Amino acid sequence: MTTQRTEAPGSPAPGSPRSAAKPPHSARSVANARRRQRLVEVWTEFRKSPSGLFGLIFLIIVILLAILAPVIADRSLLDVTQIDNAANEPPSMQNPLGTDPSGRSVLVMLLWGSRVSLMVGVAATAMSMVIGTVVGMAAGHFGGLGGALLMRVVDFFLVLPSLVLAIVLSSVLQRGVWTIVIAIGITSWAGTARVVRSQTLTIESRSYIERSLALGAGHRHIIGRHVLPAVMPLVMANTTLTVGAAIIAESTLSFLGLGDTTQTSWGSMLKLSMDSGAATGGYWWFVLPPGLAIVVVVLAFTLVGRAFESVINPTLRGR
Amino acid sequence: MSSAPGAQDVAATETDRTDDVRQGTSFWRYAGRKAGGALVSLAMVVVLGFFAFRILPGDPVLTLTRGKRVDAEQVAALRREFGLDESLWNQFLIYLRNLSHGDLGDSYTFRRPVADLIYDHLGPTLLLTGVSAVLAIALGLWVGQKAAWRRESFFDRASTGTALVLWSVPTFWLGLLLLLIFGGTLQILPTAGMVTTGLDATGIDYVVDVARHLVLPVITMVAVTYAQYVLVMRASLIEEMTSDYLVTARAKGLREDLVRRRHAIPNALLPTVTLVFMHIGGLISGAVTVETVFSWPGLGYLTFQALTGPDLPLLQGTFVVFSFIVIVMNFIADLLYRVLDPRVRAA
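This is a predicted model, so every value here is computed, not measured.

### Re the confidence of the model for chain A
No. 1: In this model, chain A carries an average pLDDT of 81, and 87% of its residues clear a pLDDT of 70 or more.
No. 2: Below a pLDDT of 50 lies the segment residues 1–16 of chain A, which in the model reaches nine contacts outside its immediate sequence neighbourhood of four places, other chains included.

Have a look at this one:
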């Protein structure tokens, strides 16, 4: 940063008013400016997709509601011993979505459930993305026998029915929210790994990598400075799509009774509604809301993901 | 690539296939390599099926007796019964030897051989997933091609929108909704089991009875899986529609629907057909929850019962069998692609 201050021809003298307004162009500031510009470009493109925008606004509202849940409805409202509503009560002024078999307000459960469902969805996706990106980049970059072995493992996880494997994992591990996160994360990274690997191969066949190698760049530099930034947009777009799938996976595992029974999630609400015979008993207010919440949130993630994907990969537009 | 769940598979297998074209391998070498891969996967399933239930934290016997009052003697007896008092290595050898005879151990809750239980439950699952798959594929491909051909039309928007919504629906919730409608109020269709209990129907009456029990689970499974076929078929046909050979076909004066049916669709079907086989894994996973909701006596319901036990030998058995089915189906998908796609065959 300091080297090009006064020596560079044409640059303003230090201390002059112009230098305050226009800082010297260091490598970092140029990179930052480029990044900022790219973000603006992405946003401008993204804004053109009405469905993506709709999904984004909706998600922001849901996330705010989940964060503010303790402010809106006290946790004690979920405690069966501290409430005195009648069981399976239809919607009323006091309980807008009725009550569950133990008299808790379905609306309050829905609000608190969003925290677990969103948290599991995001955490499991983050885990899946990290594993997928690392394995994919390693398989693509190192190639050879190690790469081939890695790809066998990827193929294995790609082929295996992930729900069945997740069931096995979460049934042998200690029950709890984190077990669900681990089970979903471990079973869902293979798709990302394949995409990242092929992208890595594409990047590494470019000539600037050759130039970099000729200048003495090591594995760390190539992966960290060239491959990772190039695969990141792809991974990010994939992330939004995967969160939706992870939320469905969470609800499925909870529905099968593998979730944390002490925590309320949308999946565990549906399990309770199944176990208590809410569907056959006609208590629609306990069957509809949790499922609708899942559908709408997953749909919102999908819409945002699709819009984001078409910004990053313009050949997809209009599909 | 669209956001359809299968899109990644297409992209993934595509890289494989281009590798092949470059190498110009013969069909048998290709099949041999794929068979080798499938065998490695099968071996990994066998190993995972054993170690997942033993190495991971948590003693299987303690898991089994969770929440029940058992003394040390009973725990020791259970250990002996499951062969857990042997060394890990010996257990693995015994497991392998038994597996090679088709012996998957004994179920704890049913007190019967796991293999027998799985055999009994296989038929209903094949019936349910088979009927659902055929309907979902036929419907999905038909709607998908129609949507792609009339891109941006109302039909396209409506069907893509519906598919996206259906894809976001948890399978079992749809089942619960149908239960709500047909179980509580309407009561015109049976909502549980495969045959009416007490009704000793034979011949045509039996078929009709099973068919009536099939309706709701099938609707549930079709609704959710159909969506991916719509999206994949649509994306695949749109890709074909930019091809030059369609211009040629039109230039020689072919009617528009002939161009579509004779030229575009057969080519667009190629990636879709493979996907059908690849998605059988997903279909089977979907069966776990659907069968649970409708108490359909298949493998999925058996898995659920193994879970609630928890019945570890049974769970391990269903895991191994599910995985075997899926790996074999994927192998078939790989071979089929090679047979169907002339570009790969010519290489």
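### Side note on the pattern of salt bridges
Residues and elements named next belong to chain B.
No. 1: On inspection of all chains with the given rule, the structure shows eleven salt bridges over all chains.
No. 2: As a salt-bridge pair, Arg-250 and Glu-256 come within 3.1 Å of each other at their nearest N and O atoms.
No. 3: For Arg-250, a relative accessible area of 35% translates into the label partly exposed.
No. 4: One continuous salt-bridge network, built from bridges that share partners, spans Arg-255, Asp-257 and Arg-261.

### Topic: the UniProt feature "domain: ABC transmembrane type-1" (unreviewed entry) in chain A
No. 1: Taking the numbering used here, the UniProt-annotated feature "domain: ABC transmembrane type-1" (unreviewed entry) corresponds to residues 114–305 of chain A.
No. 2: Between the first and last C-alpha atoms of residues 114–305 of chain A the distance is 20 Å; the span itself is 85% helix and 0% strand.

### Regarding the UniProt feature "transmembrane region" (unreviewed entry) in chain B
Residue and element names in this part refer to chain B.
No. 1: Per the UniProt record, "transmembrane region" (unreviewed entry) is annotated on residues 35–56, 122–143, 164–190, 210–232, 268–294 and 314–337.
No. 2: Helix makes up 100% of residues 122–143 and strand 0%, with an end-to-end C-alpha separation of 31 Å.
No. 3: Counted over residues 314–337, helix gives 100% and strand 0%. Its end C-alpha atoms are 35 Å apart.

### Overview of the interface of chain A and chain B
No. 1: In this complex, chain A contributes 54 residues to the contact, which on the side of chain B involves 56 residues.
No. 2: For the pair chain A and chain B, the interface holds zero salt bridges.
No. 3: At the junction of chain A and chain B, the tally comes to three residue pairs in polar contact (both at pLDDT 80 or more).
No. 4: For the side of chain A that touches chain B, the secondary-structure elements that each account for two or more residues are helix 6 (144–159), helix 7 (162–172), helix 9 (190–204), helix 11 (219–255), helix 12 (266–275), helix 13 (278–281) and helix 14 (284–312) of chain A.
No. 5: Ranked by the residues each element gives to the side of chain A that touches chain B, the list is headed by helix 14 of chain A, at 13 residues.
No. 6: Looking at the side of chain A that touches chain B residue by residue, the classes come out as 34 nonpolar, 13 polar and seven charged.

What counts and how
Residues numbered from 1 in each chain as written. Chains lettered and ligands numbered in written order. Predicted model: local features only at pLDDT ≥ 70, side-chain atom pairs only at ≥ 80, totals over all residues. Heavy atoms only, no water. pLDDT = per-residue confidence, 0-100. Contact = heavy atoms within 4.5 Å. Salt bridge = Lys/Arg side-chain N within 4 Å of Asp/Glu carboxyl O. Buried < 20%, exposed > 50% of the residue type's maximum accessible area, 1.4 Å probe, protein only. UniProt positions renumbered as here; feature names shortened; annotations may be inferred. Helix = DSSP H or I, 4+ residues; strand = E, 2+ residues; numbered from the N terminus. Polar contact = N/O pair within 3.5 Å; in protein donor to acceptor, adjacent residues only side chain to side chain. Nonpolar A, V, L, I, M, F, W, Y, C, P; charged D, E, K, R; others polar.

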